[in-house]
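What the coordinates show
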Amino acid sequence: MISVKGLKKKFNQLEVLKGIDLEVGKGKVIVLIGPSGSGKTTFLRCLNALETPSDGVISIGDEKLDFSNSITKKQVASFRRQTGMVFQSYNLFPHMTALENVMEGPITVKKENKEQVLSKAKSLLQKVGLGDKLDYYPFQLSGGQQQRVGIARALAMEPNVMLFDEPTSALDPELVGEVLKVMKDLANEGMTMVVVTHEMRFAKEAADEVLFLDQGVIVERGTPEQIFTHPKEARTKQFLSLIEQ
Ligand code: ADP
Ligand code: MG
C-alpha cells in the first residue's frame, strides 16, 4: 500500500530525513517512535505531501510521486487524497459543529452530494462514539472528543491510509483510552495506518511493526516484541529506557 524509497528532506542546510526506505502492506499498522526532533512529524507530512521531500519516491495506493522530478499541483492533490491525517492539536474548525467539521472535506474538496455526505458524517461520528454530539462546537467538547471528531473528519475523505501524529499526547491521561480505542477498532477493521505515538500499550496491541527513528534515519525496526523486549541497537535501548513506564 505504501512504498517509500530514498526519502530525503532538507530544511535549508539541515537534513532532517536522510534516506528513509519503507514498505507497508495493505492493512498493516506501523508505529513510529523516536526522540523529539528525530523527524517523525516531517516524515508523516511527506507521506501526506504537506512537505515536499528533497529527494526520493513515495507510492501510496495507485499514486506515485518521484521527487527527483518536478511535480504538478494536480499530482500533489490526488496523491494527498490517499491519506488522512490526524494531528496532535486536533485542528478542527472552531466555528463549525462536529458534523460540519466532518462534512466539510467531502463537500468542498471532493464535491460529493450533500445528502450522502450528511448520512456518511453522522455514521462516522456514531462510529467514534459521538452520535449524540453532532451539533456541538469544538469548544463544547473535551480534548478526547475533539480528537475523535478529527479521526471521523479524516475518515470522511475515504483515504487508503491513515496517518496519526501523536494523537493522544495533548490529552489528559483519562481521555487517552477513548481515542486509542477508536484507533484500535480502525486497525482491526483492516485500515492501513502509520502512527507516531509513545503509547506502548497501543504499539504492543496494534502494531505489526515498530520503527525507531533517530536523527532522520530508521535505526531499528521489528515487531513490537523485538523492539520493546529485545532491542539490538544501543540508541534504541537508551531511548526506551527514557520512555518506558
Ligand atoms: P519530531 O516530530 O520527531 O519531533 P520534526 O519532524 O518535527 O521532529 O522535526 C525534525 C527537525 O526538523 C527538527 O530539528 C525541526 O526543528 C526541523 N524542522 C521541522 N519543520 C521545520 C520547518 N518547517 N523549517 C525548518 N526546520 C524544521
Ligand atoms: Mg513531531
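Let us look at the structure shown here. These numbers come from a predicted model, not from an experiment.

Going residue by residue along strand S6 (residues 83-86), you find Thr83 and Met85 tucked away on one face and Gly84 and Val86 tucked away on the opposite face as well. Alignment of S6 against strand S7 (residues 161-165), held across four bridges, turns out to be parallel. Pairing of Val86 across the sheet is with Phe164, part of S7.

On to the site of ligand 1. In the vicinity of ligand 1, the residues found are Phe11, Leu14, Val16, Pro35, Ser36, Gly37, Ser38, Gly39, Lys40, Thr41 and Thr42. Gly39 has a polar backbone atom sitting 3.0 Å from an oxygen atom of ligand 1. Take Thr42: an N or O atom from its side chain is 2.5 Å from an oxygen atom of ligand 1. Summarising the interface, the protein chains cover 59% of the accessible area of ligand 1, which totals 560 Å² for the free molecule. Secondary-structure elements contributing two or more residues to the shell around ligand 1 are strand S2 (14-24) and helix H1 (40-47). The greatest single-element share of the shell around ligand 1, amounting to three residues, is contributed by H1.

With that out of the way, let us pick up unusual backbone geometry. Backbone geometry places Asn12, a non-glycine residue, at a positive phi of 50°. Secondary-structure assignment places Asn12 in the loop between strand S1 (2-11) and S2.

All right, on to the packing of helix H4 (residues 114-127) against helix H5 (residues 143-156) then. Contact pair H4 / H5: the axes reach a minimum separation of 9 Å and the direction vectors enclose 140°. Between H4 and H5, the angle is such that the two are oblique. Judged by the twist between their axes, the crossing of H4 over H5 is right-handed. Only Val149, Ala152, Leu155 and Ala156 of H5 make contact with H4, whose side of the interface consists of Lys120, Leu124, Leu125 and Lys127. Looking at the contact of H4 with H5, its residues break down into six nonpolar, no polar and two charged.

What counts and what doesn't
Numbers given for residues are sequential positions, taken from 1 along each chain in its written order. Both sets of labels track the order of writing: A upward for chains, 1 upward for ligands. Note on the predicted model: pLDDT of at least 70 is required for a residue's local features to be given, and 80 or more for side-chain atom pairs to be given and counted; whole-chain, interface and lining totals, by contrast, use all residues. Side-chain measures here rest on the full set of heavy atoms in the structure, leaving out hydrogens and waters. In this scheme, a residue with accessible area under 20% of its type's maximum is buried, one over 50% is exposed, and one in between is partly exposed, where area comes from a 1.4 Å probe on protein chains only. Secondary structure is summarised from DSSP: a helix means a run of H or I of at least four residues, a strand means a run of E of at least two, and numbering begins at the N terminus for each. At least two bridges found by DSSP between two strands is the condition for calling them paired. Any residue with a non-hydrogen atom lying within 4 Å of a molecule or strand is treated as near it. Under the rule applied, a polar contact is a pair of N or O atoms within 3.5 Å (in protein, one hydrogen donor and one hydrogen acceptor; residues adjacent in sequence only if both atoms are side-chain atoms). Only the protein chains shown count as covering a residue, and every accessible area follows the Shrake-Rupley method with a 1.4 Å probe. All axes here are fitted lines through C-alpha atoms, helices being fitted over the stretch that makes contact, and every angle between N-to-C directions spans 0 to 180 degrees. For classification purposes, an angle smaller than 35 degrees is called roughly parallel, one larger than 145 roughly antiparallel, one from 65 to 115 roughly perpendicular, and anything else oblique. For a crossing to be left-handed, the near helix must be turned anticlockwise from the far one by less than a right angle; the clockwise case is right-handed. By definition, residues are in contact when any of their heavy atoms lie within 4.5 Å. Ten residue types, Ala, Val, Leu, Ile, Met, Phe, Trp, Tyr, Cys and Pro, are classed as nonpolar, four, Asp, Glu, Lys and Arg, as charged, and the remainder, Gly among them, as polar.

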